[in-house]
Structures are given as structure tokens and as C-alpha cells.
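Survey of secondary and tertiary structure
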Amino acid sequence: MASGSENPLPSYETDDSQTSKLIRKSRESPFVPIGISGFAAVVAYGLYKLKHRGDTKMSVHLIHMRVAAQGFVVGAMTCGVIYSMYQEYWVKPKP
């Protein structure tokens, strides 16, 4: 059993605001906000083009927009993993 002085549950900081937490997390992994904003941009573009899709079926248009949004998010995640590997293995000074 754990000793009485240790708390097994994580402690939460109550003095940090949501914006400061978002800024801190964005500094730690900068490609997460890029992926989210790219996803939002693709969705906004898809909604804008929905009216002017011509004779394309609605389902085909939605599938294309879903693939584009997922592609942007997967690309941002891949870039984030490569960036973190770069930070960990090449930039980090070796002892």
C-alpha cells in the first residue's frame, strides 16, 4: 500500500486559466493547433463550396471534403512526430 503522505490522484492547478494552458500546450506541441486550424479551414472551404459544387452529388462532395480534412490532420500529426523526434534526438544536447 502507498504511504499516507503520497496522493495517488494527480493534483490540478486552479490558478492557471484555460488560455494559459492552451498557450503552454501549443508551445510543447505546435502542430496540434495547426492541425485543428487546418481541419477547420477545410471544413469552412467545403461548406463554402457546397453551394457551387455543380452537378456533383452531395455524397461525393462530402467524401472529398472528409478525405481532405483527414489528410490535413494526419499530415500535421506526422509533422509533429517528426518535429518531436528532431527536438529529442538532434537538438537535445547529449550528456
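Keep in mind it's a predicted model, so treat the numbers as computed, not measured.

Moving on to the packing of aromatic side chains. For the structure shown, the criterion picks out one aromatic pair. Ring geometry for Tyr86 versus Trp90: centroids 6.2 Å apart, planes at 35°, classification tilted. Of this pair, Tyr86 and Trp90 both sit in helix H3 (residues 58–91), four residues apart, roughly one helical turn. Since its relative accessible area comes to 42%, Tyr86 is described here as partly exposed.

Contact pair helix H2 (residues 31–49) / H3: the axes reach a minimum separation of 9 Å and the direction vectors enclose 165°. Relative to H3, the element H2 is oriented roughly antiparallel. Considering only the axes of H2 and H3, their crossing is right-handed. In this structure, H2 uses Phe31, Ile34, Gly35, Gly38, Phe39, Val42, Tyr45, Gly46 and Lys49 to contact H3, whose residues at the interface are His61, Met65, Ala68, Ala69, Phe72, Val73, Ala76, Cys79, Gly80 and Tyr83. Considered class by class, the residues forming the contact of H2 with H3 number 13 nonpolar, five polar and one charged.

A separate point is a nonpolar patch on the surface. A contiguous nonpolar surface patch, about 750 Å² in accessible area, is contributed by Val81, Tyr83, Met85, Tyr86, Tyr89, Trp90 and Val91. Residue position: Val91 is located in helix H3.

Following the UniProt record, the feature "transmembrane region" (unreviewed entry) maps to residues 30–48 and 68–86 here. Secondary structure within residues 30–48 divides into 95% helix and 0% strand; the distance between the first and last C-alpha atoms comes to 28 Å. Structurally, residues 68–86 is divided into 100% helix and 0% strand, and its ends, taken at the C-alpha atoms, are 27 Å apart.

End to end, H2 covers 26 Å across 19 residues, agreeing with the expected 27 Å (1.5 Å per residue, within 8%). Of all the residues in H2, the buried ones are Gly35, Gly38, Val42 and Gly46. Angular distribution of buried residues about the axis of H2 spans 70°; they occupy a single face of the element. Along H2, the residues that are exposed and aim more than 90 degrees away from the buried face are Ile36, Leu47 and Tyr48. Buried residues along H2 sit against H3.

Of all residues in the protein, 80% have pLDDT values of 70 or greater, and the mean over the chain is 79. At the low end of the mean pLDDT range in the protein sits helix H1 (residues 18–28), at 81; at the high end sits H3, at 86.

Here we take up the environment of Phe31. Summarising the element assignment, Phe31 is placed in helix H2. We classify Phe31 as partly exposed; its relative accessible area is 24%. Taking the C-alpha atoms as reference, Phe31 lies 8.7 Å from Tyr83; in sequence the two are 52 residues apart. Ignoring anything within four residues of it in the chain, the contact list for Phe31 reads Ala76, Cys79, Gly80 and Tyr83.

Parameters and conventions
- Along each chain, residue indices are assigned from 1 in the same order as the chain's sequence is written.
- Local features are withheld for residues below a pLDDT of 70 in this predicted model, meaning they are given only at 70 or higher, and side-chain atom pairs are given and counted only at 80 or more; totals for whole chains, interfaces and linings count all residues.
- The side-chain figures draw on all heavy atoms in the structure; neither hydrogens nor water molecules are used.
- The pairing test for Phe, Tyr and Trp rings, Trp by its six-membered ring, is centres within 6.5 Å, and the orientation test on the planes gives stacked under 30 degrees, edge-to-face over 60, and tilted for anything in between.
- Counting from the N terminus, the helices are the DSSP runs of H or I reaching at least four residues and the strands are the DSSP runs of E reaching at least two.
- Exposure is judged per residue with a 1.4 Å probe applied to protein chains only, and the accessible area is read against the type maximum: over 50% gives exposed, under 20% gives buried, and values in between give partly exposed.
- Comment: axis = line fitted to C-alpha atoms, over the contacting stretch for helices; angle = value between 0 and 180 degrees taken between N-to-C directions.
- Any angle from 65 to 115 degrees is called roughly perpendicular, while one under 35 is roughly parallel, one over 145 is roughly antiparallel, and all others are oblique.
- Two helices that cross are described as forming a left-handed crossing if the nearer one is turned anticlockwise from the farther one by less than a right angle, and a right-handed crossing if clockwise.
- Contact definition: two residues touch when any of their heavy atoms are within 4.5 Å.
- Classes in brief: Ala, Val, Leu, Ile, Met, Phe, Trp, Tyr, Cys and Pro nonpolar; Asp, Glu, Lys and Arg charged; the others, Gly included, polar.
- Residues enter patches when their relative accessible area tops 30% and they take part in no salt bridge; the joining distance is 9 Å for like charges and 5 Å for the nonpolar side chains Val, Leu, Ile, Met, Phe, Trp and Tyr.
- Per-residue and other accessible areas follow the Shrake-Rupley method at a 1.4 Å probe size, with only the shown protein chains counted as cover for residues.
- Salt bridges are identified by distance alone: a Lys or Arg side-chain nitrogen within 4 Å of an Asp or Glu carboxyl oxygen.
- UniProt positions are given in the numbering used here, feature names are shortened, and annotations may be inferred rather than shown by experiment.
- Expected helix span is computed as 1.5 Å times (number of residues minus one).
- This arc corresponds to the set of directions leading from the helix axis out to the C-beta atoms.
- The predictor reports its confidence for every residue as pLDDT, a score running from 0 up to 100.

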